[in-house]
Amino acid sequence: VFPDEIIFISILKACGNTGAIGKGKQIHYEIVKRGFLKDMVVGTALVDMYAKCGVFAKAREVLREIPIRNVITWNALIAGYTYYGHGHEAFNCLEQMQSEGLSPDVVTFICILNACGNAKLLNHGRLIHKTFGGEYESDFVIGNSLIDMYSRCGELREARTVFDALEHRTIISWGAMIAGYAEHGSDLCALELFDKMQDEMDLSPDKDIYLFALKACGSAHALEQGRLIHGQIALRAFDSDVSVGNVLIEMYNVCGNLEESLHVFGMMPDKDVSSWGTLISGYALHGDFKLAKKCFQTMRKMGIQPDHSTFTSVLAACSHCGCLNEGYELFECLRQEMGLIP
């Protein structure tokens, strides 16, 4: 029984999703042998498979061999470049696609904006916005991508302009704007928008929005608001998530409340090396070497391997407390026992 085009397309999708490049190349050989490469849909699936696996030379080679290409074929390559952080290459693909007389669709637009945001290509992003933004700005999916792109590039004013112009805002719209403020030091703006989202829109934050709000609370030393957000997180059972617990510990550390930081740590059902490192960092920040060292020893007894960040925190505690000998012993432990290179 010989496979047809539909089976080849399905197998190529499986290869791309699992990164099975060796099997994908075998399927490519079969497709060429059976003359299916002339089929645009099969060719597009091949481009998509190679792009998802990060083998862009082969993806471009296949794209050139397809007799007729459409916007979906180009989108497969652009999406691959975007995923692997090759913003310039993604933008070049857009230009080549347009030179063939093809107009980008919504998927192209979103991929290119993501590429511009990831690579901090602000001028490229502005050009895309200027060229196509007027047509799509009322579309909340495109609007969200524009907000995210401008936020990642640190252009919060332009991000807010797009945000305010959106006719319909989703939780993603609010999250992208709050994240932009929190990531670029506009902590009070992030918290103000967080409150506005709940008061005016009756929207419940998702886990990621809570993470950025907590980060803003820590940076702004807004302990009371951090406690309120902690209460909301507990009600929605997000505090069982390791990443949320770690950010809560950090927020309380920065705000100077080590007691609550330790309480959060103790209540976490699961802890990773970052959980221990964040707690140790809090003790180091406030010059409590004994507790920092105790945490460090406890995590090692539990079989948790310290990382560079953990060692940095404990050494910082030694520095703050003037514990020269202990610091030297830790430094030797770092080099000899753990095999970590300073």
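Look up: the structure comes first, before these words.
How each quantity is defined
- Residues numbered from 1 in each chain as written.
- Predicted model: local features only at pLDDT ≥ 70, side-chain atom pairs only at ≥ 80, totals over all residues.
- Heavy atoms only, no water.
- Helix = DSSP H or I, 4+ residues; strand = E, 2+ residues; numbered from the N terminus.
- Contact = heavy atoms within 4.5 Å.
- Areas by Shrake-Rupley, 256 points an atom, 1.4 Å probe, with all protein chains shown as cover.
- Lys, Arg positive; Asp, Glu negative; His and termini not counted.
- Charge placed at Lys NZ, Arg CZ, Asp CG, Glu CD.
- Salt bridge = Lys/Arg side-chain N within 4 Å of Asp/Glu carboxyl O.
- Buried < 20%, exposed > 50% of the residue type's maximum accessible area, 1.4 Å probe, protein only.
- Axes fitted to C-alpha atoms, helices over the stretch in contact; angles between N-to-C directions.
- Parallel < 35°, antiparallel > 145°, perpendicular 65-115°, else oblique.
- Left-handed = near helix turned anticlockwise from the far one by under 90°.
- Patch = residues over 30% accessible without salt bridge, like charges linked within 9 Å, V, L, I, M, F, W, Y side chains within 5 Å.
- Phe/Tyr/Trp six-rings, centres within 6.5 Å; stacked < 30°, edge-to-face > 60°.
- Lys NZ or Arg CZ within 6 Å of the ring centre and 35° of its normal.

A short note on the overall build of the protein chain
Next, step 1: What the protein chain contains, in helices and strands, is 20 helices and zero strands.
Next, step 2: Each of the three principal axes of the protein chain carries a C-alpha extent, and together these read 70 × 50 × 35 Å.
Next, step 3: Once local pairs closer than 6 in sequence are excluded, the contacts in the protein chain between residues at least 24 apart make up 61%.
Next, step 4: For the protein chain, the computed accessible surface area is about 17,200 Å², with 54% contributed by carbon and sulfur atoms.
Next, step 5: Within the protein chain, the 42 negative side-chain charges are centred at a point lying 7 Å from the centre of the 30 positive side-chain charges.

Quick notes on the pattern of salt bridges
Next, step 1: If you walk through the whole model with that rule in mind, you get 13 salt bridges.
Next, step 2: Salt-bridge contacts for Asp48 lead to Lys52; the nearest nitrogen and oxygen are separated by 3.3 Å. With Asp48 and Lys52 both in helix H3 (residues 40–52) and four residues apart, this pair spans about one turn of that helix.
Next, step 3: By relative accessible area, which is 34% here, Lys52 ends up partly exposed.
Next, step 4: One salt bridge in this structure joins Asp241 and Lys207, with 3.4 Å as the shortest N-O distance. Residue Asp241 is located in the loop between helix H14 (223–235) and helix H15 (242–254), and its partner Lys207 is located in helix H13 (residues 207–219); the two are separated by 34 residues in the primary sequence.
Next, step 5: When its relative accessible area of 25% is taken as the criterion, Asp241 is described as partly exposed.
Next, step 6: Under the relative-accessibility criterion, Lys207 is labelled partly exposed at 29%.
Next, step 7: Ionic contacts of the salt-bridge type, sharing partners, join the residues Glu30, Lys33 and Arg34 into one network.

Quick look at the packing of helix H5 (residues 71–83) against helix H7 (residues 106–118)
Next, step 1: Contact pair H5 / H7: the axes reach a minimum separation of 9 Å and the direction vectors enclose 20°. Overall, the two elements H5 and H7 adopt an arrangement that is roughly parallel. For H5 against H7, the interelement crossing comes out left-handed. Between H5 and H7, the residues in contact are Val71, Asn75, Ile78, Ala79 and Thr82 and Val107, Thr108, Cys111, Ile112, Asn114, Ala115 and Asn118, respectively.

Focus: a negative patch on the surface
Next, step 1: Taken together, the side chains of Glu192, Asp195, Asp199 and Glu200 define an acidic patch exposed on the protein surface.
Next, step 2: Looking at where Asp195 falls in the secondary structure, it is placed in helix H12 (residues 187–200).
Next, step 3: Taking the relative accessible area as the measure of exposure, Asp195 reaches 31% and is therefore partly exposed.

Some thoughts on the packing of aromatic side chains
Next, step 1: For the coordinates displayed, the defined rule picks out nine aromatic pairs.
Next, step 2: Judged by centre distance (4.8 Å) and plane angle (80°), the rings of Phe265 and Trp276 are edge-to-face. Note that Phe265 is positioned in helix H16 (residues 258–267) and Trp276 in helix H17 (residues 273–285), a separation of 11 residues in sequence. Like Trp276, Phe265 is buried.
Next, step 3: Above the plane of the ring of Phe163 lies Arg169, whose end atom (NZ or CZ) is 4.6 Å from the centre.
Next, step 4: One cation-aromatic arrangement involves Lys271 over Phe265; the distance from NZ or CZ to the ring centre is 5.1 Å.

So, to be careful, I would describe these as geometric facts and stop short of saying anything about function.
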